[in-house]
Amino acid sequence: MELEQKYLALIREAQRREMPDLEGIRLCFQTLSLATGIDRECAALLAPHGLSEGRFVLLFLLNAEPAGLAPNALADRAGVTRATVTGLLDGLEREALIERQADAKDRRALCIQLTRKGRRVAEAVLTQHGRWIASLYGNLSTPERTQLATLLDKVAANLGGAAP
């Protein structure tokens, strides 16, 4: 895997300073480069549908709830603020992918539902996205996937601690 230029420059500086565990530094930058590559490809796959990752997440959540969801429930499930959800919903509404309706139980509240067009787009993108995500790990055997998950969990356990 080719590292991003900025990470190569940081590795060269770490070598110059003779920092310990250069391999650990390289692995961190390799992980970051992979994550950036995945984000970039994801954005490229969603762009032809007029979707960002945030819009895609809302379509996914709404597709799973045919009766619709309140904006605050969408925010909670997506892990974003209500203000962020409002902005994403505005864009989806402009594209006629969702509609805001008064909640049947509380007319002061809103219920967000996919339109027919929104459901078609959601189904198409979910299928395409699912195949793409699966392909990322398609060349790993089941034991390799298990090992990778275990290793990622071990690295993740080091997050949040104070730097030595």
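Below: a short report on this structure. Only a predicted model underlies this, so the values are computations on that prediction, with no experimental measurement involved.

## Observations concerning the packing of helix α3 (residues 53-63) against helix α6 (residues 116-136)
Moving on, step 1. Put simply, α3 and α6 touch, their axes get as near as 10 Å, and they point 110° apart. Considering their axes alone, α3 and α6 lie roughly perpendicular with respect to each other. Across the interface between the two elements, F56, L59, F60, L62 and N63 from α3 touch G118, R119, V121, A122, E123, V125, L126 and H129 from α6.
Moving on, step 2. A class-by-class count of the residues in the contact of α3 with α6 yields eight nonpolar, three polar and two charged.

## Considerations on the pattern of salt bridges
Moving on, step 1. Applying the stated criterion across every chain yields a total of five salt bridges.
Moving on, step 2. Measuring nitrogen to oxygen at the nearest pair gives 2.8 Å for the salt bridge that ties D90 to R100. Placement of D90 in helix α5 (residues 82-94) and of R100 in strand β1 (residues 98-102) is noted, with a sequence separation of 10 residues between them.
Moving on, step 3. For D90, a relative accessible area of 29% puts it in the partly exposed group.
Moving on, step 4. The exposure class of R100 is partly exposed, given its relative accessible area of 26%.
Moving on, step 5. Overlapping salt bridges, with partners in common, bring together E13, R16 and R17 in one network.

Thresholds, definitions, all that
Residues numbered from 1 in each chain as written. Predicted model: local features only at pLDDT ≥ 70, side-chain atom pairs only at ≥ 80, totals over all residues. Heavy atoms only, no water. Axes fitted to C-alpha atoms, helices over the stretch in contact; angles between N-to-C directions. Helix = DSSP H or I, 4+ residues; strand = E, 2+ residues; numbered from the N terminus. Parallel < 35°, antiparallel > 145°, perpendicular 65-115°, else oblique. Contact = heavy atoms within 4.5 Å. Nonpolar A, V, L, I, M, F, W, Y, C, P; charged D, E, K, R; others polar. Salt bridge = Lys/Arg side-chain N within 4 Å of Asp/Glu carboxyl O. Buried < 20%, exposed > 50% of the residue type's maximum accessible area, 1.4 Å probe, protein only.

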